[in-house]
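Okay, here's what each chain looks like letter by letter:
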Amino acid sequence: MIEDFSKPEAAISKAVDTGIEAMVVVGIERETNAVAIQLAEKFHSIWATVGWHPNHASDYTSQELTTLREQLAHPRVVAIGEIGLDNHWDHATPEQQEQCLFDQLDLADELQKPVVFHCREAYPRLLALLEKHAPKRFMLHCFAGTKEDAERAERLGGYFGFDGPITYKKNHELREIARQVPLDRILTETDSPFLSPEPLRGKPNEPANLIWVIRGLAAARQIDEDECRRITTQNARDFFGINP
Ligand SMILES: [Zn+2]
């Protein structure tokens, strides 16, 4: 997400100047879904996702599926997301979150769209659901599970999103996970405006800061930065179906 919806130009051109070819802006409810699509229509480096985030599930009803279905037919909308489960916040009840999630998983199946999962403190529950039936292609955005969670997701063919936390000094376990998951299943993200990478922690995040995530990931994998850029760009193109 871009912090200031009214002035995204500066953040986008700064990101493009650092060599970022393509960015996916995520929607999380009605308003941001619409904004993500507007940005994707306006900027050739931007693609969009649409979905109802678990923290907005209390505002969700199944009637939203009509709009989502229409939006997902848009050529610049490349995935359903963020959808998932969040046990950290209690903005929506577990029942509301599951209804919202199940509806959208059915839609992903119907439309054969990739899924971007948000999962916070809910990996065992989400993975158990996915082990019964997983979408055709999915990623766990901003992966923050355990090694065991990562192994379960890997067996299901899942992709892993790594963000600023890969650069945080204390995050040894996350770097170990990043070393162990298949290189062709790794995606890089910023989660802007949150989770700024070292050395920019505490400031609002923006897409140009992806270079620090790439650097942290390359160091964890012991590969060079250019190779890390090239591979993660290709992975994102494969996952979202974005052609150069
Ligand atoms: Zn999220």
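So, a few notes on the structure that sits alongside this text. What you see is a predicted model, and the numbers here were worked out from it, not measured in a lab.

**Observations concerning the packing of aromatic side chains**
One pass over the full model with this rule turns up 6 aromatic pairs. Members of the aromatic cluster, connected to one another through ring pairs, are Tyr123, Phe143 and Phe160. The ring of Trp47 carries Arg76 above its face, with NZ or CZ at 4.1 Å from the centroid.

**Details of the coordination of the zinc ion**
Distances from the zinc ion to its protein donors, namely Glu82 (OE), His118 (ND1) and His141 (NE2), fall within the range 2.1 to 2.2 Å. Sequence spacing of the donors to the zinc ion: E-x35-H-x22-H. Of the two residues, Glu82 is situated in strand β3 (residues 77-86) and His141 in the loop between β5 (138-140) and α6 (147-155); the sequence distance between them amounts to 59 residues. His141 carries the same exposure label as Glu82, and that label is buried.

**Some thoughts on the environment of Glu121**
Examined against the element boundaries, Glu121 turns out to sit in the loop between β4 (115-120) and α5 (123-132). Put simply, Glu121 and Asp86 are 35 residues apart on the chain and 6.4 Å apart in space, counted from C-alpha to C-alpha. Not counting residues up to four positions away in its chain, the partners in contact with Glu121 are Asn87 and His88. At 2.7 Å, the side chain of Glu121 forms a polar contact with the side chain of His88.

**Looking at the sheet that holds strand β6 (residues 159-162)**
For sheets, the rule is that strands pair by backbone hydrogen bonds, running either parallel or antiparallel. If you walk across this open sheet you meet the 7 strands as β1-β2-β3-β4-β5-β6-β7, and the pairing is parallel. Only two strands of the sheet have a single neighbouring strand rather than two, namely β1 (23-25) and β7 (186-188). Ignoring which end each strand starts from, the neighbouring axes of this sheet average 30 degrees apart. Both β3 and β4 contribute to a ladder of 6 bridges, which runs parallel. Counted as the bridge partner of Asp86 is Arg120 from β4. Helix α3 (residues 64-72) contacts β2 (46-50) and β3 of the sheet and is inclined by roughly 140 degrees relative to β3.

**A few points about helix α2 (residues 30-42)**
Here α2 spans 19 Å end to end across 13 residues, near enough to the 18 Å set by a 1.5 Å rise per residue. Restricting attention to buried positions, one finds in α2 the residues Thr32, Asn33, Val35, Ala36, Ile37, Leu39 and Ala40. The inward-facing, buried residues of α2 contact β1, β2, α3 and β3.

**Here's the deal with the pairing of β6**
Neither face of β6 is open: one carries Tyr159 and Gly161, the other Phe160 and Phe162, and all of them are buried. Pairing of β5 with β6, which is carried by 2 bridges, proceeds in the parallel orientation. Among the inter-strand pairings, Leu140 is bridged to a residue of β6, identified as Phe160. Pairing between β6 and β7: 3 bridges, direction parallel. By the bridge assignment, Gly161 is partnered in β7 with Leu187. As a crossover connection, the stretch from β6 through helix α7 (residues 172-180) into β7 is right-handed.

**What about the side chain of His141?**
His141 gets classed as buried once you look at its relative accessible area, which sits at 5%. At a separation of 2.9 Å, a polar atom in the side chain of His141 contacts the side chain of Glu189. In this structure, His141 is in contact with Glu82, Val116, Phe117, His118, Gly161, Asp163, Glu189 and Asp191, ignoring residues within four places of it in sequence.

Definitions and cut-offs
Residues numbered from 1 in each chain as written. Predicted model: local features only at pLDDT ≥ 70, side-chain atom pairs only at ≥ 80, totals over all residues. Heavy atoms only, no water. Phe/Tyr/Trp six-rings, centres within 6.5 Å; stacked < 30°, edge-to-face > 60°. Lys NZ or Arg CZ within 6 Å of the ring centre and 35° of its normal. Donors = N, O, S within 2.8 Å, 3.2 Å for Na, K, Ca; no water. Helix = DSSP H or I, 4+ residues; strand = E, 2+ residues; numbered from the N terminus. Buried < 20%, exposed > 50% of the residue type's maximum accessible area, 1.4 Å probe, protein only. Contact = heavy atoms within 4.5 Å. Polar contact = N/O pair within 3.5 Å; in protein donor to acceptor, adjacent residues only side chain to side chain. Pairing = 2+ DSSP bridges. Axes fitted to C-alpha atoms, helices over the stretch in contact; angles between N-to-C directions. Expected span 1.5 Å × (residues − 1). Right-handed = clockwise from strand over helix to strand, strands pointing away.

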